[in-house]
Amino acid sequence: MDYSIAPGWKWIADKEAARLCERLHMPPQCRLLLLSDGSLTNFLEALSGSPVDVEIKNHETRRLNKEEAAYLEVLASHDAIIRDVWLIQNKKKLVFAHSVFPLAGLDKDLLDNISTSIEPLGKNLTNRGLLTFKDKLGICAVHCIDVNNALELASGTILWAKHYRLAAQAHSAGEKITASITEIFSPELAGRPPLNLEK
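Description of the structure in this document. In this text, all values refer to a predicted model and were calculated from it rather than measured experimentally. (Residues numbered from 1 in each chain as written. Predicted model: local features only at pLDDT ≥ 70, side-chain atom pairs only at ≥ 80, totals over all residues. Heavy atoms only, no water.)

## Details of the overall build of the protein chain
Scanning the protein chain from terminus to terminus reveals 8 helices and 8 strands. On C-alpha atoms alone, the protein chain measures out to a radius of gyration of 17 Å, which is about the 16 Å that the 2.2 N^0.38 rule sets for 199 residues. On the principal axes, the C-alpha backbone points of the protein chain span a range of 45 × 35 × 30 Å. The burial tally for the protein chain puts 45% of its 199 residues in the buried class. (Helix = DSSP H or I, 4+ residues; strand = E, 2+ residues; numbered from the N terminus. Rg over C-alpha atoms; globule rule 2.2 N^0.38 Å. Buried < 20%, exposed > 50% of the residue type's maximum accessible area, 1.4 Å probe, protein only.)

See the structure below:
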């Protein structure tokens, strides 16, 4: 997924992100969407009462780049599953999600399951009985031509985005599973960020 941080913006985390949402007088559901470390799929389903469908746009295996490896705190020499999906509800595209899932330490059964499943990554891991948690959560305004085209928005539109590291641990001691997730939200769901971070 190719996107760029909007001019004048940066990734904002923790209390600074909460203060920004308050300063922008964001509705409670938008704040929860951007700041919660809970399940996005469960949030969307609770919000509308409708199931969330997944449309896979890209699924490939490649070597991690330096930026991805540094964020995940793993070696850049590792291969990873790269997956881009749309989360769709009532035939509306609401969230574009990009996941980077290093293969190191994965057993074949889990690897095969992730490779063939159409479920969101976090839900997939939870359904397998793994304990999951999120950290390194940040929000930002981004520009992504592919997302704007899919949502039939003006090419220069900027959108809210959220990224975080997803970690999972089996109930028994074992290799910790780590992935990074970046989510870009339809303005119908999250509203529109200001053009400048200072506003």
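## Quick notes on the pattern of salt bridges
Taken as a whole, this structure holds 8 salt bridges when the rule is applied. Between Lys10 and Glu16 there is a salt bridge, and its shortest N-O distance comes to 3.8 Å. Accessibility expressed as a relative area gives 43% for Lys10, which makes it partly exposed. Note on Glu16: relative accessible area 36%, which makes it partly exposed. A salt bridge links Glu68 to Arg62, with the nearest nitrogen and oxygen atoms 2.7 Å apart. A relative accessible area of 12% places Glu68 in the buried class. Here the salt bridges share partners, and the residues they tie into one network are Glu73, Asp135, Lys136 and Arg165. (Salt bridge = Lys/Arg side-chain N within 4 Å of Asp/Glu carboxyl O.)

## Regarding the pairing of strand E5 (residues 92–102)
Of all 11 residues making up E5, 9 are buried, and the element is well covered by its neighbours. Where strand E4 (residues 79–89) and E5 come together, 10 bridges link them in antiparallel fashion. Counted as the bridge partner of Ile82 is Val100 from E5. Connecting the antiparallel pair E4 and E5 is a turn made up of 2 residues, with Asn90 showing a positive phi of about 50°. Both E5 and strand E8 (residues 177–185) contribute to a ladder of 6 bridges, which runs antiparallel. Bridge pairing links Val100 to Ser180 in E8. (Pairing = 2+ DSSP bridges.)

## Points about the nonpolar core
Nonpolar side chains in soluble globular proteins tend to end up buried together. Counting residues in each nonpolar core, the largest one holds 53 residues, and the members touching the most others are Trp9, Ile139, Trp160 and Phe185. Among the elements that take part in this core, strand E7 (residues 159–169) stands out by supplying 6 residues, more than any other. Core analysis: the second largest hydrophobic core is formed by 6 residues, Ala69, Leu72, Ile82 and Val100 among them. (Core = buried A, V, L, I, M, F, W, Y, C linked by side-chain atoms within 4.5 Å.)

## A closer look at the packing of helix H2 (residues 28–35) against helix H3 (residues 40–48)
Their axes nearest at 10 Å, the elements H2 and H3 cross at an angle of 160°. Judged by the angle between their axes, H2 and H3 are roughly antiparallel. Of the two elements, H2 crosses H3, and the hand of that crossing is left-handed. Across the interface between the two elements, Gln29, Leu32 and Leu33 from H2 touch Leu40, Phe43 and Leu47 from H3. For the contact of H2 with H3, a count of residues per class yields 5 nonpolar, 1 polar and no charged. (Axes fitted to C-alpha atoms, helices over the stretch in contact; angles between N-to-C directions. Parallel < 35°, antiparallel > 145°, perpendicular 65-115°, else oblique. Left-handed = near helix turned anticlockwise from the far one by under 90°. Contact = heavy atoms within 4.5 Å. Nonpolar A, V, L, I, M, F, W, Y, C, P; charged D, E, K, R; others polar.)

## A look at the packing of helix H1 (residues 14–23) against H2
Viewed as axis vectors pointing N to C, H1 and H2 meet at an angle of 160°, and their least axial separation amounts to 11 Å. Comparing their axes, H2 and H1 come out roughly antiparallel. In this structure, H1 meets H2 at a crossing whose hand is right-handed. Contact residues: Ala17, Ala18, Cys21 and Glu22 in H1; Arg31, Leu34 and Leu35 in H2.

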